[in-house]
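Remarks on the overall topology
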Amino acid sequence: MLDDKRLIAIQDAMREMADPVDAWLVFDFRGMNPIMAAVAGPEIVGSRRQYLHIPRSGAPTAVVHRIDSELWRDWPSQWPRRVWVRREQLAEELSPLVKGRTVAMEYSPNGDVPYGDYVPAGTMELLRGLGAKPISSAELVTRCCSAWSAADLSSHLRAAEKIAAIAREALALAGSRAGAGTPMREYELMRWVVDAIGRAGLVTESNPSVSFGANAARIHYEPTAEESALIESGQLLLLDLWGKEADGIYADQTWMASIGAPSDRALELWSVVATARDAAIGLLQDRLSSGRPVTGGEADAASRAVIVDAGFGDRIACRTGHSIDRVGLHGYGPTLDDTESYDGRLIVPGVGFSIEPGIYVDGEVGIRTEVNAHARKDGLDVTPRDYQRELMVV
């Protein structure tokens, strides 16, 4: 539940916003806006419309239906809680909070950033009809929901080194088995990785991606006991795996290996995606270390330009990176995206994200390299510490 310390941090962030705002108005209906749970706590997700009004200064106000008011039992008694039953009452309770005021809400103009676009059009019409001027809360979400603490960073760094060690061992195992004439299937290697993540004291939310040969071009491919390719010499193996400490921040990495000697084609594609990854890292490092603003969209454009210039622009399947925060593996902070949408949110100190350009040739090959990054005031932390520079040959 929201407390005094968190309230002060949110109000400080509001005062630092580029566009002045009078309040943050968080709307939710049956959990459709995950930012409500991130700000007020998961225990308050109810079955009726509810609003959390956090002013630039002063006490916050909860506007909640009587049916759900019990969920707010831990709401501090000194903070207002307005309870409504009839629809007319809802408008009456909201009007004095929003009339003539600029309120930040979870919507994205033109739908540019779907990770911050949770308020229905009808709700926006209601609030504008009550005299509110809604603007996007994207900057507040970045600062208040997605920035890592020092403890978060430490936890991520530990997880990143463990995940990298598992990846190297898994790829070496697949190579040795192929070389010995007893090749593994993708599914068997996937189960080995899952077990290794558990042995390392980490948790994960889903199975890793183990994709061999042409299967790696199927981005959401997951081997099963029934559908699983044999990992033999002559093609590339993609391993995408993720894990975290129980209360930590995910580490999410993709590693590539050639089973046996790589072809010239494989080496060429690997060089392109590694250079694209490094272009995004270089731009972010340069801008952050010099104190100049940089957006997720700009980092995506820098990475994509390398692939386009190499002649593989039509083989790009997705943006360059996703947010990673306490919400989960795919968080709600800035994404590296000027491909699927345009993410103009600033990369501010404390946020974390993946950097994972790829080239996907249907029916032939998929190549991706993925690292994670954490923005500082003076630069960028890239994890794991010794990330993949060369295509592994096993």
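Predicted model only: the values in this text are computed from it and were never measured. (Residues numbered from 1 in each chain as written. Predicted model: local features only at pLDDT ≥ 70, side-chain atom pairs only at ≥ 80, totals over all residues. Heavy atoms only, no water.)

This brings us to the overall build of the chain. Across its full length, the chain holds nine helices and 16 strands. For 394 residues, the compact-globule estimate of 2.2 N^0.38 gives 21 Å, and the chain sits close to it at 23 Å. Judged by the C-alpha coordinates and their principal axes, the chain covers about 75 × 40 × 35 Å. Put simply, the chain has 394 residues, and 53% of those count as buried. Across the chain, every contact between residues at least 6 apart in sequence was considered, and the portion connecting residues at least 24 apart equals 66%. (Helix = DSSP H or I, 4+ residues; strand = E, 2+ residues; numbered from the N terminus. Rg over C-alpha atoms; globule rule 2.2 N^0.38 Å. Buried < 20%, exposed > 50% of the residue type's maximum accessible area, 1.4 Å probe, protein only. Contact = heavy atoms within 4.5 Å.)

Moving on to the sheet that holds strand β9 (residues 251-258). Judged by pairing direction, the sheet is mixed, and its four strands sit side by side in the order β7-β8-β9-β16 without closing on themselves. Bordering the open sheet on either side are β7 (209-212) and β16 (392-393), each of which pairs with just one other strand. Strand direction decides the pairing type here: β7 and strand β8 (residues 236-243), joined by four bridges, are antiparallel. The residue of β8 that forms the bridge with Phe 212 is Leu 237. In the packing of helix α6 (residues 150-179) onto the sheet, contacts are made with β8, β9 and β16, and the angle to β9 comes to roughly 20°. (Pairing = 2+ DSSP bridges. Axes fitted to C-alpha atoms, helices over the stretch in contact; angles between N-to-C directions.)

Another point: the packing of aromatic side chains. Throughout the structure, instances matching the rule amount to five aromatic pairs. Taking the centre distance of 5.1 Å and the plane angle of 55° together, the rings of Phe 27 and Tyr 51 count as tilted. Linking Phe 27 in strand β1 (residues 23-29) with Tyr 51 in strand β2 (residues 49-55), this pair joins segments that are 24 residues apart in sequence. The residues Phe 27 and Tyr 51 share a single accessibility class, namely buried. Aromatic side chains Tyr 118 and Tyr 332 sit 6.1 Å apart centroid to centroid with 70° between the ring planes, which places their arrangement in the edge-to-face category. Note that Tyr 118 is positioned in the loop between β5 (102-105) and α4 (121-129) and Tyr 332 in the loop between β10 (323-324) and β11 (352-355), a separation of 214 residues in sequence. (Phe/Tyr/Trp six-rings, centres within 6.5 Å; stacked < 30°, edge-to-face > 60°.)

To continue, consider the sheet that holds β1. Overall, mixed pairing links the six strands, which are arranged β4-β3-β2-β1-β5-β6 in an open sheet. Strands with a single pairing partner mark the edges of an open sheet, and in this sheet they are β4 (81-84) and β6 (133-136). On average, adjacent strands in this sheet sit at an angle of 25° to one another, irrespective of strand direction. Pairing between β1 and β5: two bridges, direction parallel.

What follows covers the packing of helix α1 (residues 4-16) against helix α5 (residues 138-146). The contact between α1 and α5 brings their axes to 10 Å, and the two run at 145°. In the packing of α1 onto α5, the handedness of the crossing is right-handed. Residues Arg 6, Ile 10, Ala 13, Met 14 and Glu 16 of α1 form the contact with α5, whose participating residues are Glu 139, Leu 140, Arg 143, Cys 144 and Cys 145. Partitioned by chemical class, the residues of the contact of α1 with α5 number six nonpolar, no polar and four charged. (Left-handed = near helix turned anticlockwise from the far one by under 90°. Nonpolar A, V, L, I, M, F, W, Y, C, P; charged D, E, K, R; others polar.)

Interaxial distance between α6 and helix α7 (residues 186-199) falls to 10 Å at its minimum, and their mutual angle equals 150°. Compared by their axis directions, α6 and α7 come out roughly antiparallel. The handedness of the crossing between α6 and α7 is right-handed. Where α6 abuts α7, its residues Ile 163, Ile 166, Glu 169, Ala 170, Leu 173, Ala 174 and Arg 177 lie against Glu 188, Leu 189, Trp 192, Val 193, Ala 196 and Ile 197. (Parallel < 35°, antiparallel > 145°, perpendicular 65-115°, else oblique.)

What follows covers the environment of Gly 248. For Gly 248, the location among the structural elements is in the loop between β8 and β9. The exposure class assigned to Gly 248 is buried, which follows from its relative accessible area of 7%. Measuring from C-alpha to C-alpha, the distance between Gly 248 and Asp 278 comes to 26 Å, with 30 residues separating the pair along the chain.

Bringing the side chain of His 53 into the picture now. Secondary-structure assignment places His 53 in strand β2. In terms of polar contacts, His 53 uses its side chain to reach the backbone carbonyl oxygen of Leu 97, at 3.3 Å. Ignoring anything within four residues of it in the chain, the contact list for His 53 reads Ala 23, Trp 24, Leu 25, Pro 60, Thr 61 and Leu 97. (Polar contact = N/O pair within 3.5 Å; in protein donor to acceptor, adjacent residues only side chain to side chain.)

The next subject is the pattern of salt bridges. What the rule picks out here adds up to 25 salt bridges. Of the charged contacts, one joins Arg 158 and Glu 245 as a salt bridge, the two residues approaching to 2.7 Å between their closest N and O atoms. Here Glu 245 lies in the loop between β8 and β9 and Arg 158 lies in helix α6, a separation of 87 residues in the sequence. Under the relative-accessibility criterion, Arg 158 is labelled partly exposed at 44%. For Asp 386, the salt bridge is made with Arg 389, and the minimal N-O distance between the two is 3.6 Å. Where salt bridges share partners, they join Glu 16, Glu 139 and Arg 143 into one cluster. (Salt bridge = Lys/Arg side-chain N within 4 Å of Asp/Glu carboxyl O.)

A few words on the environment of Arg 81. In this structure, Arg 81 sits in strand β4. Separated by 18 residues in the primary sequence, Arg 81 and Val 63 have C-alpha atoms spaced 6.0 Å apart. In contact with Arg 81, other than residues within four places in its own chain, are Ala 62, Val 64, Ser 69, Trp 72, Arg 73 and Trp 75. A distance of 2.9 Å separates a polar atom in the side chain of Arg 81 from the backbone oxygen of Ser 69. A distance of 3.1 Å separates the side chain of Arg 81 from the backbone oxygen of Trp 72, its partner in a polar contact.

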